[in-house]
Amino acid sequence: MTLSEAYNYGVYFLSANGVDEADFKSLCLCCHCAGIKNNEYEIHKNEDLIIMKKFADMLWQIKSGEPLQYVIGRWDFYESEFHVGRGVLIPRPETEELTELVLDNAKRLCSPVVFDLCSGSGCIGISIAKALPSSTVYCVEKSEEALQYLLKNAESISNVKVVNSDINYPSDIGNADIIVSNPPYIKSSDLSSLQREVQFEPSMALDGGADGLDFYRIIAEKWNSNLKENGMLFLEIGEDQGEAVYEILEKQGFKEIEVIKDMYGNNRMVKSVKK
């Protein structure tokens, strides 16, 4: 079976089983099995796809609802590829915008120290570290499952320090010029209504407590003292959480608080400065 025949079968199989984006997912699986990039498909589409069993097994995983990123085992984020799988949050495009926002501000600093809290795969912190070799980035993560991906992704990046710690208990890692976090921010009562693929992701990385704001309170209250004077805090938020997060930060004495929209026009990031 050629690559194009496998692709067409994958589209048919996934579509027949009600899977959305069947064409894109089939393309990703085919190219992954062939060991090529998606944009190389046209060049190789008439070549034989040797590992058909692997392709078939992956189609069934997708049919069962498992996220494409987990099935493939890695995913692009910012300018790098990250290992992902069960037990770690999947990197998303909105979080690339948060990373870019941090970098725009960090580039003005000399050898900045950055804390990436609730780091997960490390996609934010590692991307910052790679873009700013003069920085030192501490990636703080509690989950043992996520930590395995974080360690793998951080291999050979000398300015990344992995810290296995619960953010409820700030580690003795000094003070930062910048703290960034994409924390869990889904309301506990909303978890069961999330789409099927999202429910494969770890609840620890999604559950923000009864009102979805638990981790913003923890970061604002307990990590305030780990920010240098005029240090910056960057947070990803749910689109309806801008006002509430603003109030949490204001209560803890942060200044220059700004709610920033993402590419879709939704409130998605908050920037603030320590007094």
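Placed above this text is the structure.
Residues numbered from 1 in each chain as written. Predicted model: local features only at pLDDT ≥ 70, side-chain atom pairs only at ≥ 80, totals over all residues. Heavy atoms only, no water.

Engineer: Quick question: what am I supposed to make of helix 8 (residues 144–154) here?
Structural biologist: Three- or four-residue spacings in an α-helix give side chains the same orientation, since the helix completes a turn every 3.6 residues. Within the sequence span of helix 8, burial applies to Ala146, Leu147, Leu150, Asn153 and Ala154. Buried residues of helix 8, viewed axially, fall in a sector of 130°; they line one side. Among the structural elements, strand 2 (80–83), helix 7 (123–131), strand 4 (136–141) and strand 5 (160–164) are those in contact with the buried residues of helix 8. Put simply, Ser143 is the residue that caps the front of helix 8, since its side-chain oxygen is 3.3 Å from the backbone nitrogen of Glu145. Where helix 8 terminates, the next one or two residues include Ser156, which has phi positive at roughly 70°. (Buried < 20%, exposed > 50% of the residue type's maximum accessible area, 1.4 Å probe, protein only. Helix = DSSP H or I, 4+ residues; strand = E, 2+ residues; numbered from the N terminus. Arc of directions from axis to C-beta. Contact = heavy atoms within 4.5 Å. Polar contact = N/O pair within 3.5 Å; in protein donor to acceptor, adjacent residues only side chain to side chain.)

Engineer: Explanation requested: the packing of helix 9 (residues 214–222) against helix 10 (residues 242–251) in the structure shown.
Structural biologist: Packed helices, taken two at a time, are described by the angle their axes make and the gap between the axes. One can describe the packing of helix 9 onto helix 10 by two numbers: an axis separation of 9 Å at closest approach and a directional angle of 20°. Judged on the interaxial angle alone, helix 10 and helix 9 are roughly parallel. Here helix 9 runs over helix 10; the crossing is right-handed. The residues of helix 10 that touch helix 9, namely those facing Tyr216, Arg217 and Ala220, are Val245, Ile248 and Leu249. (Axes fitted to C-alpha atoms, helices over the stretch in contact; angles between N-to-C directions. Parallel < 35°, antiparallel > 145°, perpendicular 65-115°, else oblique. Left-handed = near helix turned anticlockwise from the far one by under 90°.)

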